[in-house]
Structures are given as structure tokens and as C-alpha cells.
Amino acid sequence: MSESSFALSMFGLTVVLTVIPVIIFIAGIIALVVFLMKQSSHNNESTSNKQSTFQPNRYADGTEPSVQPQTAKKKHVNPATVIQLEEELKKLCKNCVTLEISGEPSHVSGATRFGGMPDVPAGFVWPYFETDTFDDKNVKPRPLAFIAQFDLAEISAFDKDGLLPRSGTLAFFYELGSQRWGFDPKDGGSARVFWFHEWEDLAPAEFPADLPQAFRLPALNITAKSEKSYPTNEDFYLNRKDYSQTIDDFKAAEAQLNIQRPDNRSKLLGWADVIQGNITSDCELISRGYTSDEVWNSGSFPKEELEKIEASADEWTLLFQLDTVEKEGFQLMFGNYGRIYFYIRKDDLRAKRFDRVWLMLQCG
């Protein structure tokens, strides 16, 4: 064997003798880690299958505080509470008149329809509201847009509770240039409702010359239908203190009763499909001369007065809810896919004092 071959062989033997112990050492480390991980997993499983052995200290009277096992999990739905909520929702159920807005309308005087020219009696004065708009910061009187009218003799067939007058025409107006939210008493007059009696001769009113073309809404048919109406959780939990504890139960109760809440729904009467919370308390505080901002956001509004407001909120009820209206080439939307709500006190509704309505706007 040559000297160079012998040297190469010795080098290879040295490498082998050096590397093999290292490999064995690393393999041993890996085996140890795997063994420890298995032991840890086994210990955790054993612990999780046992209740806590923690024993609470006794109170001075010898009783023991209630301690739940460490593995106890909070149940989000209580079947007994769901059944109770179902019964309460059934009791709160109201009748409403849902409205499908589409198609060619009737042009008979006083007929139910969206948009077009309102049918009004002789001497009718078109309502105005002093405001700026999104496009014009000049404050000046601006004509309200005509929104819709309802033939109450026709609607009475769907008004199962007989809350509306049985005859005449109910006409709704709203200032669209500013789309006031109704959060301030100064918004009064931005929405108006008129009840024209059946004995009054009605004829189409000409649009005011200063009513923008965009606010001269196209005439569309309205198809009415009688349906059941249930409160949203925001209305249901007004003046209740257990909201956060039972909201999952409420949703389960809605599902059990098959309560449907379509994304787009216009209606007369019933419960409002609110977007940003209860509205009746806002109506009440506005009627007392407060703004929503000073009540909800000031942080210093008297608690006693707030309790009076919320206690009186039930005196208000929905008159008309209008959602987004669309047809080919036209869309009427309130904010970001919002709705407008005409509210009225129940006493005023019974007395047919429609001049006392209050409008609120909500959107997502």
C-alpha cells in the first residue's frame, strides 16, 4: 500500500470514528425529547379528566364559597330561558302591513302609491323646511319631497288592529336634500304627514318650482300585505337589565318562532326593524327638548331624567318605515342602506293627530 493510500484510509477512519458518536448523541437527544413530550401529554390528559382538587377556604360562618370545576364551560343558551322568551315575544307580537314597492301604480285620485304627484285638497300648502343641504350650505326654506300616500279604505283590510283611520288618504313628505336624522329638536318640520278626509275632493298637486328634479320621485305601485311583527332585541330589552346575559337565548327564541328580518322591508305599523338601536327613547327625549348627543354622549346627563325618558318610551309606536326603493334607473337610499321611520305617540294615533309625528333616520 502506498504512503498516500494509507494516509487517506486513516483519515476516513478518523472521520467515521468522530461522526458516529455525534450521530448517536443527537439521536439520543431526539429520543429523550419525544419521551418527555409524551409524558407531558399524558399528564395533561390525566389532569383534564379530573375535577379540580382545589378546596376553597371557609367563610367565617362556616359556609363554603361556590367553586366550579376548572373544566366547567359557560353555556350560551339556556333552554328554559329560550322558552320563556318565546312566550314573551308571542305576547309582544303586533300586526303590521308590509309594503312591496314596484310596478305601475294606479292613477285613481287618492290611490295608494309611492312617489309621483300627491293628491291633495284645494288650498293645500306644500310643506317647506328651512335648512342647508349636502350640496348647498346656504340655509333657506326648501320644499319637502313627496314620499308616498295611502288609501286608508284599502289599507284598513290589512290593518288587523284598526289603528289607522278607516277612510281618507295619508300622505308622507320628507326633505331629501338634508336627510335630517331626527336627533335634534331643530329637525322638527323636516318630515310631515297629512290626513285628507274622504269627503275632500283630491287632485294632483303641481311640484313646487324649486323642488329639485332628483326629488320628484317616480310613481310606483305599493302592494300591501298583513303580517306579524316582533320586536328586535334592542326594543325588547329596553328597561330590562338582563340584556347581556340572555342575548344568545333571544336569538334562539327568534329562530324557534321563525321570525324573519329581511334586509329590505317597508311597512306600516308594527315593530320597527331598527338598525342602530331603540328609537322610541330618542323620540321621547327629543319631545322633551333634548338632543340625542347631550343625552347619550355627554356622560353627565341626570340618571333620574334618563330613567323617566326610557319609562315613557313605550308611549311611541311606529307609523311608517321606508327602506331603500329601487327601480331601473332610480334609487332612493337613506344614508348607507338605511331606513326612515315615522313615529307617533299612541295617544296621538288614536286621536288622528298626524301632525305630531317624528321622523328618525338610521343606517348601517
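Just above, that's the structure.
Read on for an overview of the structure. (Residues numbered from 1 in each chain as written. Predicted model: local features only at pLDDT ≥ 70, side-chain atom pairs only at ≥ 80, totals over all residues. Heavy atoms only, no water.)

1. Some words on helix H8 (residues 303–312)
Part 1: Of the positions making up H8, those classed as buried are Glu305, Ile309 and Ser312. Angular distribution of buried residues about the axis of H8 spans 75°; they occupy a single face of the element. The exposed set on the far side of H8, more than 90 degrees from its buried face, consists of Lys303, Glu304 and Ala311.
Part 2: Against the buried residues of H8 lie helix H6 (280–287) and strand S12 (316–322). (Buried < 20%, exposed > 50% of the residue type's maximum accessible area, 1.4 Å probe, protein only. Helix = DSSP H or I, 4+ residues; strand = E, 2+ residues; numbered from the N terminus. Arc of directions from axis to C-beta. Contact = heavy atoms within 4.5 Å.)

2. Thoughts on the layout of surface pockets
Part 1: Looking at the largest pocket, its volume works out to about 320 Å³.
Part 2: Sorting the residues of the lining of the largest pocket by element identifies strand S5 (140–143) and strand S14 (330–332) as the ones contributing at least two each.
Part 3: Per-element tally for the lining of the largest pocket: the top contributor is S5, with 4 residues.
Part 4: Of the pockets and cavities examined, the second largest pocket occupies roughly 260 Å³.
Part 5: In terms of lining, the second largest pocket is formed by 20 residues, of which the most central are Asp235, Leu238, Trp271, Thr280 and Asp314. (1 Å grid on protein atoms, 1.4 Å probe; cavity = no way out; pocket = protein on both sides within 12 Å on 5 of 7 lines; lining within 4 Å. Points joined across faces, edges and corners; volume = space filled by probe spheres on them.)

3. Brief notes about the pattern of salt bridges
Part 1: With the rule as written, the count across this model stands at 19 salt bridges.
Part 2: We note a salt bridge from arginine 288 to glutamate 284, for which the minimum N-O separation is 2.8 Å.
Part 3: With relative accessibility at 3%, the residue glutamate 284 sits in the buried group.
Part 4: The shortest N-O distance in the salt bridge between glutamate 305 and arginine 288 comes to 3.4 Å. Remark: arginine 288 occurs in the loop between H6 and helix H7 (292–296) and glutamate 305 occurs in helix H8; sequence separation between them is 17 residues.
Part 5: For glutamate 305, a relative accessible area of 17% corresponds to the buried category. (Salt bridge = Lys/Arg side-chain N within 4 Å of Asp/Glu carboxyl O.)

4. Quick notes on the nonpolar core
The nonpolar side chains of soluble globular proteins are, as a tendency, buried together.
Part 1: The biggest cluster of nonpolar side chains holds 38 residues, and the ones touching the most others in it are Phe114, Ile147, Phe320, Leu322 and Phe342.
Part 2: Looking at this core, the element that brings in the most residues is strand S6 (residues 145–151), giving 4 residues.
Part 3: Leu285, Val295, Trp316 and Trp358 belong to the second-largest nonpolar core, a separate cluster that totals 15 residues. (Core = buried A, V, L, I, M, F, W, Y, C linked by side-chain atoms within 4.5 Å.)

5. Some details on the pairing of strand S1 (residues 94–101)
Part 1: The buried count for S1 comes to 6 of 8 residues, which makes it a mostly enclosed element.
Part 2: Relative to strand S10 (residues 220–229), S1 runs antiparallel, the two being bridged by 8 bridges. Counterpart to glutamate 100 in the pairing with S10 is threonine 223.
Part 3: Relative to strand S11 (residues 266–268), S1 is paired through 3 bridges, and the arrangement is antiparallel. Of the residues in S11, the one forming a bridge with threonine 98 is lysine 267. (Pairing = 2+ DSSP bridges.)

6. A few points about the side chain of aspartate 235
Part 1: The topology assignment puts aspartate 235 in helix H4 (residues 233–236).
Part 2: No salt bridge is formed by the buried aspartate 235; the nearest opposite charge belongs to lysine 94, separated by 7.8 Å.
Part 3: With residues up to four places along the chain from it excluded, the contact list for aspartate 235 reads Trp271, Ala272, Val274, Asn278 and Ile279. (Lys, Arg positive; Asp, Glu negative; His and termini not counted.)

7. Observations concerning unusual backbone geometry
Part 1: One non-glycine residue with positive phi stands out, namely leucine 269, at about 65°.
Part 2: A positive phi angle, close to 50°, is found at tyrosine 337, a residue other than glycine.
Part 3: Tracing the chain through its elements places tyrosine 337 in the loop between S14 and strand S15 (339–345).
Part 4: Exposure remark for tyrosine 337: the relative accessible area of 53% places this residue in the exposed category.

8. Describing helix H2 (residues 79–92)
Part 1: Taking 1.5 Å per residue as the helical rise, H2 with its 14 residues ought to reach 20 Å, and the 20 Å between its terminal C-alpha atoms agrees with that figure.
Part 2: Among all positions in H2, only Thr81, Val82, Leu85, Glu86, Glu88 and Leu89 are buried.
Part 3: Capping of H2 at its N-terminal end is provided by asparagine 78; its side-chain oxygen lies 2.9 Å from the backbone amide nitrogen of alanine 80. (Expected span 1.5 Å × (residues − 1). Polar contact = N/O pair within 3.5 Å; in protein donor to acceptor, adjacent residues only side chain to side chain.)

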